[in-house]
Amino acid sequence: MATMSAEAPTCDRLWTNARLATMASSVAAPYGTVEDGVVAARDGRILYAGPRQEAPAFRAAETIDCGGRWITPGLIDCHTHLVHGGDRAHEFELRLQGASYEEIARAGGGILSTVTATRAASEDALFASADRRLSALLAEGVTTVEIKSGYGLEIEAEVKTLRVARRVGRERPVRVRTTFLGAHAVPPEFKGRSGDYTALVAGPMLDAIAAEGLADAVDVFCEGIAFSPDETRAVFEAAQAKGLAIKIHAEQLSNLGGAALAAEMGALSADHLEYLDEAGVIAMAKARTVAVVLPGAFYFLHETQKPPIEFLRRHGVAIALATDANPGSSPLTSPLLVMNMACTLFRLTPEEALAGLTRHAAQALGLSDEIGTLEAGKACDLAIWDIERPAELAYRIGFNPLYARIWNGQ
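Residues numbered from 1 in each chain as written. Predicted model: local features only at pLDDT ≥ 70, side-chain atom pairs only at ≥ 80, totals over all residues. Heavy atoms only, no water.

**With respect to the pairing of strand 12 (residues 290-293)**
Now for step 1: Of the two faces of strand 12, the one holding Val-290 and Val-292 and the one holding Ala-291 and Val-293 are both buried throughout.
Now for step 2: The sheet contact formed by strand 11 (residues 269-272) and strand 12 spans three bridges and is parallel. Residue pairing for strand 12: Ser-269 is matched across the bridge by Val-290.
Now for step 3: In the sheet, strand 12 pairs with strand 13 (residues 319-321) via three bridges, with the strands oriented parallel. (Buried < 20%, exposed > 50% of the residue type's maximum accessible area, 1.4 Å probe, protein only. Helix = DSSP H or I, 4+ residues; strand = E, 2+ residues; numbered from the N terminus. Pairing = 2+ DSSP bridges.)

Pasting the structure below:
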């Protein structure tokens, strides 16, 4: 660093003797690597992240010697369903006996069994169970998490779920983005009347949630067992009229063109995408809609149709990763395992996997200006790892090399 002078900038904390995987596109090296790097932070923001030799001579209130460890951006889990009641271990047994996810759903299981448990649970009970799941994410370096509703499917229960999600962000050291997923399934009281339920979601339900400022975005499960493209459009139009971002669960079990519809409407992301075709990929590329692939659900449901990774690469669509933590199709709370699954199942590279849980995950949440890379001006969310190279994060299974997790500079 430069020689200290009376004009030297001050910072709260200075991390030195570190190797940085900045994940910044402006750094040409793989992973945005800086071999001899420092990170300086003040008031929870990054002042500098780069080579030690080019750094100002900071006057630091605290200096942390990282001992040659790697620093990455804090991990971002951009698709979870952390707030819910109960579990579905019994359905896991049924699937192993031959029942399909769709058969279980049509028989009243699946999402609807979790709806019953979630409606019955108190806010405190929902918070306590979500907090346990969140703790597992934080232990592996997550500093930002998206939490969807979608297990209430009535006004009071959807509001309750999103209140709990907001509470998680207030009471735990993590950035929380909330997503209203009232159009997750048609509840039993609306069986055979999906249009009526869609009207409830797009009308009174969304009104109640927007009135309390409980959602940052609105999501729809566009699928044969859930909502049609026309119903999806109706919910999206209502969301956009209230100034809310949109996201979609699409092309998980079939190709209804949901991803292309969402892209046409400017969606932040389209998620799952196993049955996405090249036309849908092209539509997403034009709209800069992020592809969020979810290897946990692919693995847990024993699927065989993989997302079209080569098409996504060819057309320059950003690929994000997430746990999809939920009780039915991805009871997974390990972002490190997600990286390994993405590489082994979908053939992503370790660098693509890390980008999927940092830079591209931030883009999927509309937070690219705030988090996702180690760059001046962004929130000082860091994960410090006891590793020799970043590829270890995707390579190892059942091993957590996190040394320290920093959120907002703390």
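**Regarding the UniProt feature "binding site: 4-imidazolone-5-propanoate" (unreviewed entry) in the protein chain**
Now for step 1: Under the local residue numbering, the UniProt record ascribes the feature "binding site: 4-imidazolone-5-propanoate" (unreviewed entry) to Arg-88, Tyr-151, His-184, Gln-252 and Ser-329.
Now for step 2: Among the secondary structure elements, His-184 is positioned in the loop between strand 8 (175-183) and helix 6 (194-211).
Now for step 3: Apart from residues lying up to four places away in sequence, His-184 is in contact with His-81, Ile-111, Gly-150, Tyr-151, Leu-153, Phe-221, Ala-226 and Phe-227.
Now for step 4: Of the polar contacts made by the side chain of His-184, one reaches the backbone oxygen of Gly-150; its length is 2.9 Å.
Now for step 5: Setting aside its immediate chain neighbours within four residues, Ser-329 contacts Tyr-101, Gly-296, Ala-297, Phe-300, Leu-301 and Asp-324. (UniProt positions renumbered as here; feature names shortened; annotations may be inferred. Contact = heavy atoms within 4.5 Å. Polar contact = N/O pair within 3.5 Å; in protein donor to acceptor, adjacent residues only side chain to side chain.)

**Examining the sheet that holds strand 11**
Now for step 1: Across the sheet, which stays open at both edges, the eight strands sit in the order 6-7-8-9-10-11-12-13 with parallel pairing between neighbours. Two strands lie at the open edges of the sheet, namely strand 6 (75-77) and strand 13, each paired on one side alone. Recorded for the sheet is a direction-independent mean angle of 25 degrees between the axes of neighbouring strands.
Now for step 2: Where helix 12 (residues 335-346) meets the sheet, its contacts fall on strand 6, strand 7 (142-148), strand 12 and strand 13, and the angle it forms with strand 13 comes to roughly 135 degrees. (Axes fitted to C-alpha atoms, helices over the stretch in contact; angles between N-to-C directions.)

**Details of the pairing of strand 10 (residues 245-250)**
Now for step 1: With respect to burial, strand 10 is a largely interior element, five of its six residues being buried.
Now for step 2: You can see the chain leave strand 9 (residues 217-222), run along helix 7 (residues 229-241) and come back into strand 10, and the turn it takes is right-handed.
Now for step 3: Bridge count for strand 10 against strand 11 is four bridges, and the pairing is parallel. What sits directly across from His-249, in strand 11, is Asp-271.
Now for step 4: What joins strand 10 to strand 11 is helix 8 (residues 258-264), and the crossover it makes is right-handed. (Right-handed = clockwise from strand over helix to strand, strands pointing away.)

**Re the pattern of salt bridges**
Now for step 1: Using the criterion set out here, one finds 26 salt bridges in the structure.
Now for step 2: One salt bridge connects Arg-314 with Glu-278, and the closest N-O pair in it is separated by 3.7 Å. Here the residue Arg-314 occupies a position in helix 11 (residues 309-314), and Glu-278 occupies one in helix 9 (residues 278-287), the gap between them amounting to 36 residues.
Now for step 3: For Arg-314, a relative accessible area of 56% puts it in the exposed group.
Now for step 4: With a relative accessible area of 27%, Glu-278 lands in the partly exposed category.
Now for step 5: Two residues, Glu-375 and Lys-378, come together in a salt bridge whose shortest N-O distance is 3.4 Å.
Now for step 6: Salt bridges linked by common partners bring Arg-119, Glu-154 and Glu-189 together as one network. (Salt bridge = Lys/Arg side-chain N within 4 Å of Asp/Glu carboxyl O.)

**A short note on the packing of helix 4 (residues 123-138) against helix 5 (residues 155-171)**
Now for step 1: Across the interface, helix 4 lies against helix 5 with an axial gap of 10 Å and an inter-helix angle of 50 degrees. Taken together, the axes of helix 4 and helix 5 lie oblique to each other. Handedness of the crossing formed by helix 4 with helix 5: right-handed. Here helix 4 contributes Glu-123, Asp-124, Leu-126, Phe-127 and Leu-134 to the contact with helix 5, which in turn contributes Lys-160, Arg-163, Val-164, Arg-167, Val-168 and Glu-171.
Now for step 2: Class assignment of the residues belonging to the contact of helix 4 with helix 5 gives a composition of five nonpolar, no polar and six charged. (Parallel < 35°, antiparallel > 145°, perpendicular 65-115°, else oblique. Left-handed = near helix turned anticlockwise from the far one by under 90°. Nonpolar A, V, L, I, M, F, W, Y, C, P; charged D, E, K, R; others polar.)

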